[in-house]
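Residue-level structural notes
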Protein chains: 4
Amino acid sequence: MYSLGSRMRFHLFGKSHGPHVGCILENVPLGMNISMDELKKDMDLRKPKDGIGTPRKEDDDVEFISGVKDNVTDGTPILMLIRNKNVDSSKYTSIPRPGHADLPAMIKWKDHDVRGGGQFSGRLTAPIVAAGSIAKQMLLPAGVRIAAFTRSVGSVGDDDARNINDAFVSREYATRACSAGLDDLMRNEIMSASKEGDSIGGIVECVVSGLPIGFGGIWFNSLDAVLAKAVFGIPAVKGIEFGGGFGLTKMKGSESNDQYQIENGIKALTNNMGGVVGGMSDGMPLVFRTAFKPTPSISKEQRSVDLSVMKDVTISTEGRHDPCIVPRAVAVVEAVTAIVTADTAICEGLI
Amino acid sequence: MYSLGSRMRFHLFGKSHGPHVGCILENVPLGMNISMDELKKDMDLRKPKDGIGTPRKEDDDVEFISGVKDNVTDGTPILMLIRNKNVDSSKYTSIPRPGHADLPAMIKWKDHDVRGGGQFSGRLTAPIVAAGSIAKQMLLPAGVRIAAFTRSVGSVGDDDARNINDAFVSREYATRACSAGLDDLMRNEIMSASKEGDSIGGIVECVVSGLPIGFGGIWFNSLDAVLAKAVFGIPAVKGIEFGGGFGLTKMKGSESNDQYQIENGIKALTNNMGGVVGGMSDGMPLVFRTAFKPTPSISKEQRSVDLSVMKDVTISTEGRHDPCIVPRAVAVVEAVTAIVTADTAICEGLI
Amino acid sequence: MYSLGSRMRFHLFGKSHGPHVGCILENVPLGMNISMDELKKDMDLRKPKDGIGTPRKEDDDVEFISGVKDNVTDGTPILMLIRNKNVDSSKYTSIPRPGHADLPAMIKWKDHDVRGGGQFSGRLTAPIVAAGSIAKQMLLPAGVRIAAFTRSVGSVGDDDARNINDAFVSREYATRACSAGLDDLMRNEIMSASKEGDSIGGIVECVVSGLPIGFGGIWFNSLDAVLAKAVFGIPAVKGIEFGGGFGLTKMKGSESNDQYQIENGIKALTNNMGGVVGGMSDGMPLVFRTAFKPTPSISKEQRSVDLSVMKDVTISTEGRHDPCIVPRAVAVVEAVTAIVTADTAICEGLI
Amino acid sequence: MYSLGSRMRFHLFGKSHGPHVGCILENVPLGMNISMDELKKDMDLRKPKDGIGTPRKEDDDVEFISGVKDNVTDGTPILMLIRNKNVDSSKYTSIPRPGHADLPAMIKWKDHDVRGGGQFSGRLTAPIVAAGSIAKQMLLPAGVRIAAFTRSVGSVGDDDARNINDAFVSREYATRACSAGLDDLMRNEIMSASKEGDSIGGIVECVVSGLPIGFGGIWFNSLDAVLAKAVFGIPAVKGIEFGGGFGLTKMKGSESNDQYQIENGIKALTNNMGGVVGGMSDGMPLVFRTAFKPTPSISKEQRSVDLSVMKDVTISTEGRHDPCIVPRAVAVVEAVTAIVTADTAICEGLI
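Residues numbered from 1 in each chain as written. Chains lettered and ligands numbered in written order. Predicted model: local features only at pLDDT ≥ 70, side-chain atom pairs only at ≥ 80, totals over all residues. Heavy atoms only, no water.

1. Thoughts on the overall build of chain A
Each helix and strand counted, chain A has eight helices and 18 strands in total. For 351 residues, the compact-globule formula gives about 20 Å, and the C-alpha radius of gyration of chain A, at 21 Å, lands near that figure. Judged by the C-alpha coordinates and their principal axes, chain A covers about 70 × 50 × 40 Å. Here chain A, with 351 residues, has 64% of them falling under the buried criterion. For chain A, the exposed surface amounts to about 11,600 Å²; the carbon and sulfur share of it is 49%. (Helix = DSSP H or I, 4+ residues; strand = E, 2+ residues; numbered from the N terminus. Rg over C-alpha atoms; globule rule 2.2 N^0.38 Å. Buried < 20%, exposed > 50% of the residue type's maximum accessible area, 1.4 Å probe, protein only. Areas by Shrake-Rupley, 256 points an atom, 1.4 Å probe, with all protein chains shown as cover.)

2. Digging into the packing of aromatic side chains
Following the criterion strictly, the structure yields 22 aromatic pairs over all chains and no others. Between the aromatic rings of C:F242 and D:F232, the centroid separation amounts to 5.4 Å while the plane-to-plane angle is 80 degrees, which identifies the pairing as edge-to-face. A residue pair is termed interchain when its members come from two chains, as with C:F242 in strand β11 (residues 237–242) and D:F232 in helix α6 (residues 223–232). Of the two residues, C:F242 and D:F232, both sit in the buried class. Ring geometry for D:W109 against D:F120: centres 6.3 Å apart, planes inclined by 35 degrees, an arrangement best described as tilted. Of this pair, D:W109 sits in the loop between α2 (102–108) and α3 (125–139) while D:F120 sits in the loop between α2 and α3; the two residues are 11 residues apart in sequence, bridging distant segments of the chain. A residue is classified by how much of its surface remains accessible, and D:W109, at 22% relative accessible area, is partly exposed. Here the aromatic cluster, defined as three or more aromatic residues joined through ring pairs, consists of A:F10, B:W219 and B:F220. (Phe/Tyr/Trp six-rings, centres within 6.5 Å; stacked < 30°, edge-to-face > 60°.)

3. Overview of the relation of the copies chain A and chain B
The two copies are related by a screw operation: chain A maps onto chain B through 180 degrees of rotation and 0.0 Å of translation along the axis, at an RMSD of 0.0 Å. These values place the two chain copies in the arrangement generated by a two-fold rotation axis. (Least-squares fit on C-alpha atoms with pLDDT ≥ 70 in both.)

4. Considering the sheet that holds strand β7 (residues 78–83) of chain A
Taken together, the five strands give an open sheet; going across it, the order is β1-β2-β3-β7-β4 (chain A), and neighbouring strands pair in antiparallel fashion. Edge strands, defined here as strands with exactly one partner in the open sheet, are β1 (3–4) and β4 (62–66) of chain A. (Pairing = 2+ DSSP bridges.)

5. A look at the sheet that holds strand β1 (residues 3–4) of chain B
Here we have five strands laid out as an open sheet, ordered β1-β2-β3-β7-β4 (chain B), and antiparallel in their pairing. In the strand order of this sheet, the two ends are held by β1 and β4 (62–66) of chain B, each with one partner.

6. Examining the environment of D:V336
Here D:V336 lies in helix α8 (residues 326–347). In this structure the C-alpha to C-alpha distance between D:V336 and D:V231, which are 105 residues apart in sequence, comes to 6.6 Å.

7. Structural notes on the interface of chain A and chain B
At the junction of the two partners, chain A supplies 104 residues and chain B supplies 104 residues. Counting each side, the surface lost to burial between chain A and chain B is near 8,200 Å², with a carbon and sulfur contribution of 68%. It is A:W219, A:F220 and A:K238 in chain A that bury the most area against chain B; as a group they hold 12% of the surface buried on that side. Here chain A and chain B share four salt bridges between them. (Contact = heavy atoms within 4.5 Å. Buried area = accessible area lost by both parts, 1.4 Å probe. Salt bridge = Lys/Arg side-chain N within 4 Å of Asp/Glu carboxyl O.)

8. Comments concerning helix α1 (residues 36–45) of chain A
Residues and elements named next belong to chain A. Buried within α1 are the following residues: L39, D42, M43 and L45. Across the axial projection of α1, the buried residues extend over an arc of 155 degrees, all falling on one side. Facing away from the buried side of α1, by more than 90 degrees, are the exposed residues D37 and K41. (Arc of directions from axis to C-beta.)

9. Some points on unusual backbone geometry
Residue A:D50 is not a glycine yet carries a positive backbone phi of 55 degrees. With respect to the helices and strands, the residue A:D50 is situated in the loop between α1 and β4. Positive phi, close to 70 degrees, is recorded for D:N71, a residue that is not glycine. Here D:N71 falls in the partly exposed class, since its relative accessible area comes to 34%.

10. Structural notes on the confidence of the model for chain A
Looking at chain A, pLDDT values average 94 and 98% of them are 70 or higher. The ipTM for the predicted assembly is 0.97, set against a pTM of 0.97. (pLDDT = per-residue confidence, 0-100.)

11. Overview of the pattern of salt bridges
Residue and element names in this part refer to chain B. As enumerated under the stated definition, the model contains 100 salt bridges over all chains in all. In this structure, K300 engages D198 in a salt bridge whose closest nitrogen and oxygen atoms are separated by 3.5 Å. In this pair, K300 sits in the loop between β16 (286–292) and β17 (302–306) while D198 sits in the loop between α5 (180–195) and β10 (202–209), placing the two residues 102 residues apart along the sequence. The class for K300 is partly exposed, based on a relative accessible area of 32%.

12. Observations concerning α8(D)
Given a rise of 1.5 Å per residue, 22 residues ought to cover 32 Å, and the 31 Å separating the end C-alpha atoms of α8(D) matches this to within 8%. One or two residues past the end of α8(D) sits D:G349, with phi positive at roughly 75 degrees. (Expected span 1.5 Å × (residues − 1).)

13. A word on the packing of α6(D) against α8(D)
Describing two packed helices takes the angle between their axes plus the distance from one axis to the other. Residue and element names in this part refer to chain D. The contact between α6 and α8 brings their axes to 9 Å, and the two run at 140 degrees. If you check the angle between α6 and α8, you find them oblique. Remark: the crossing between α6 and α8 carries right-handed chirality. Between α6, through L223, V226, L227, A230 and V231, and α8, the contact on the second element is made entirely by V336, T337, V340 and T344. Here the contact of α6 with α8 is built from residues that sort into seven nonpolar, two polar and no charged. (Axes fitted to C-alpha atoms, helices over the stretch in contact; angles between N-to-C directions. Parallel < 35°, antiparallel > 145°, perpendicular 65-115°, else oblique. Left-handed = near helix turned anticlockwise from the far one by under 90°. Nonpolar A, V, L, I, M, F, W, Y, C, P; charged D, E, K, R; others polar.)

14. Some remarks on the pairing of strand β2 (residues 9–14) of chain C
All names here are of chain C. Here β2 lies mainly inside the structure; five of its six residues are buried. By the bridge criterion, two bridges tie strand β1 (residues 3–4) to β2 in an arrangement that is antiparallel. Across the sheet, residue S3 finds its bridge partner in β2, namely H11. What sits between the antiparallel neighbours β1 and β2 is a turn of four residues, in which G5 has the positive phi angle 100 degrees. Pairing analysis gives six bridges linking β2 to strand β3 (residues 20–26), with the strands arranged antiparallel. What sits directly across from R9, in β3, is E26. Counted between consecutive antiparallel strands, the loop separating β2 from β3 contains five residues.

15. With respect to the side chain of C:T54
Looking at where C:T54 falls in the secondary structure, it is placed in the loop between α1 (36–45) and β4 (62–66). Discounting residues that sit within four places of it in the chain, C:T54 has contacts with C:P48, C:R320, C:H321, C:D322 and C:R328.

Here you go:
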């Protein structure tokens, strides 16, 4: 359940309430030098910034327990631990919070402790980002680069095409927007929801450049299929679309088909397919968008049920929550994409 | 690559150009009586109807080679064969068709024969539908029902909420729309594209009722994650969203959260989550939408490249193509959903 | 359950009582020319010969339903069917035969039909041999050769070291012994048991030459571990040992260790390890022995229980049985070894 | 590579030379109370005792980093760490030790550091024993008990049948023999080898009682097949046999077949099959023997090659080695058996 990958295997563990979260990354090549600077940058990318996220503070220092010595991999499984400093001190509850995993978790496992989200907590995305950073470093020498950015927050966003360089620019802005103007607007959207004790959703877009034509599998091992599975593993994701995505459903084939021409080999004139046809790369940048719902934790009053007495109640979720998860989710989308891509690259002999 | 499932395993094989397509379905319980009537209905659901699909005629009779005797499973792997009667007689080509898997397939496997789509052909969805029919029959005694319908074709469609019964009604209409009015409009949209030598996309919506609260896994085994992987295995899929999906990204948490009340146990007041939170069922109907791109085969002229001489060329794809794949894809979306759900149901001890 | 392999996947199906047995072999490289002569030789190797096996006659013609055209693989899953001509016509019974899978099968699945062995039947080893033949043909260009022979039947056999060429010589003899002398003795042993209405066990030894140093995995993916799993999948196997095997347990380390010297690179002076240390090839021929119990079907009277009335009874198994399965098992041991080795070779980039 | 299990997953990590070894055990049921006393007993069972093993001292305290709180499982993956206190301080070498994994490891991964056995070290069996202890505790309430003992050391041993209670008695003796008399003889055998700077092999026998008839899979998921794979994952294992094993190869079917009678249900009169037919339990105790080669590390001089200069050399392995690994391997065989059995029990709904 907590695993990804076929040849490079990723295993996640931990919960928000325990002392640590962490992961194992298996089958990373022997002798790889891991840049701890890059790792720190990626971990920082996931942290709330400039007051638009949760005030909960976590160092997110990654401790290598096994598999890495003096920053170099030794070919054995890599065990990473990240300490939980700021553990939720709320009390045990029998009232499921709307929009959370609480209800099914409480029904499925009696006495399930949902404080802080338990094993569903976004806190577990920290080790995902750590593993993704290593995966990105594995891919870079093969010319494969991965970057995500915030495409929209609530109704704020545009439809401009963005390439991998634009995506990297977004690191400069707290909202991970691609421009200062959008960053301002998105920040306002988030702060406005926050002030009302509410939250807001948004879209993360991810770009992968440098994949060779033919990269990926077919049918149920299609590159888009394995990516979709990994992306839906991220909490709060409610949709994914590649290239033109749902917009393609309103098009004619003569509009949507990416036609080919000769240009340093063969190249598509457009990228409506988002770089993937028949489950494999067509040589264009891989582009997909991921829909994140609004953070379910809000202080506004909501209806729920006290399961211990089966009575209607109202609740409001106090505490330190991100009013919009999207800016932090950018790092997580990048990470799962990197893990899937590196695993596929090993299968295909690219790395 | 050609497989789905963890405990009930599905293995696909064949290509459009060979004598057969088919599949193996492993670990179906011993002694199950398979309704051949239901199977035929499901196979018919995938056939083009009333002149809005390809004129290619296939009987799609399912031959049980192993694992079933006198319509009863014997507990061993079920091998099903479906004959290809109407094999493509086009000539070998070195020109990739835009929007198809041709380009990556030709580059990855030299001399790859793309006639009729090869192993990427929609023809392989026939055995998927056959296996899905058995999966649906496995689920029915547990009270789980699955039905899909056409939500939109091009710009034609509405936003009305539809339940499982509405979805079943769509079987009456050739476009698999939920009403006679929509069926007419969609048919016009398809015929109009067809007359221009063009094609059109659309959206399939799928509903699963009867899942118990807590059904599904977490993280990378989330119910939505494994469904997304299976759905992206279907050719021409470019997006998937659960419940409010991409629409949720513009909402506030106070709007999107499904609040709970007591009503025959506990029940959500809305279904923005599409029946899944934290990767598990919340007891509401599972609802998701799948974006299908326009059929890439069109007779309109398009630019491509002749790979054998690396020269720019133009092509038009003559032949017998569905101008809109959506009405036939309804059966396929149902089928992969059934396969994934039955496999999960076995893992969870539901069946 | 019916599958082997991680990248080259093998899926088995069928039962002795149905019209066919067969298998799927997935991920065999595109464009490989399959020698049907070699395939026929391998299928013949599994047939009873010169009156020392069952009089049941089967052609064992392999029909390629999918994945192969004009003897050349097309890169899609290969489906092979083998017809059962000579189906068991015995009556349904509620009395488990000693030494067979009958008892657990009858208890686990009520009304389980054990005639002819059902899905446990040695008949299913025919498609294993077919897949193994393709695997051997995949390995040959990489210099990897696989051959097995009969090491002993009952008490007849010797302890002489045998190399891959000796193993190939055994094809000339009906018992698959390595010499005419042993063949005579083994034949007598088998005929003597047969005349008494009894059966006899024996040992199959298998040799793999040409594996590069380092070939294989570690811990639970050790080459010996994955081979052992595959070999115990063969009916009637009760033991496996590599190199000196159980004999090593009586040795001192100074006797058992294979010391190294320079000889065209590095080479071990002995092969007590059977070519595998730490789960990987040490460059010496891989050598292992497999223990086959006597065929459980005998016409001598035995005690059993009629499960329908829970009464003690005696039975004798009439019919066409091999008094010794070992000569035919040689082909099967070779085949599973080839499947595992080819899969590992793909994982390691050797083929 | 480092994993076992299909539904209860086990992932191993670490090396002898690093600060820790450990493992993850995934899908242990929520709310299980882990007896730390039992865990300590199992860890102690693996420790050298009474001077017949290595003088290297390790506490082998198991630290639960995640998944267990106040000795109770929380349903998330269990991460266990065991500190390496006594790290090998030998120097880097380019001379492979005979009988070790050194040669293939050095050739496969250049600059591979083989000190202390690296990732092949028996040190990694400590977390296997820890996970096995939890697995045994999972099985006990279902009436399934597992115990192993030393069947032989060198030429010392007998052929008496031993049941599960005899096996438990062996815990009293340092050699894990089943009687004081055998313990004395085996101890002498070990000390005699030790004094010569040599080592000695032996056989571990394992008994599992309480498995219901039908427990296990078929073909490549046979109970014996999955056990064999796990057992060959243990370093130094060179053979495995179930029940009569290799001895069955010299028998007639009328001798080897376990006949049935009515006795509290149905029961076999003998247990030549070792409790498994057709891959499933026949209700008799599961019994198998595992061959361990002599410890490869000996101080006697041996021939090898210095790979850095490709010259013949002689070496002797100084240091703290077990002259016979068998007494300590008893705990490890028990552990992998428990992990495989618990995983199968989950798949079959037994626990």
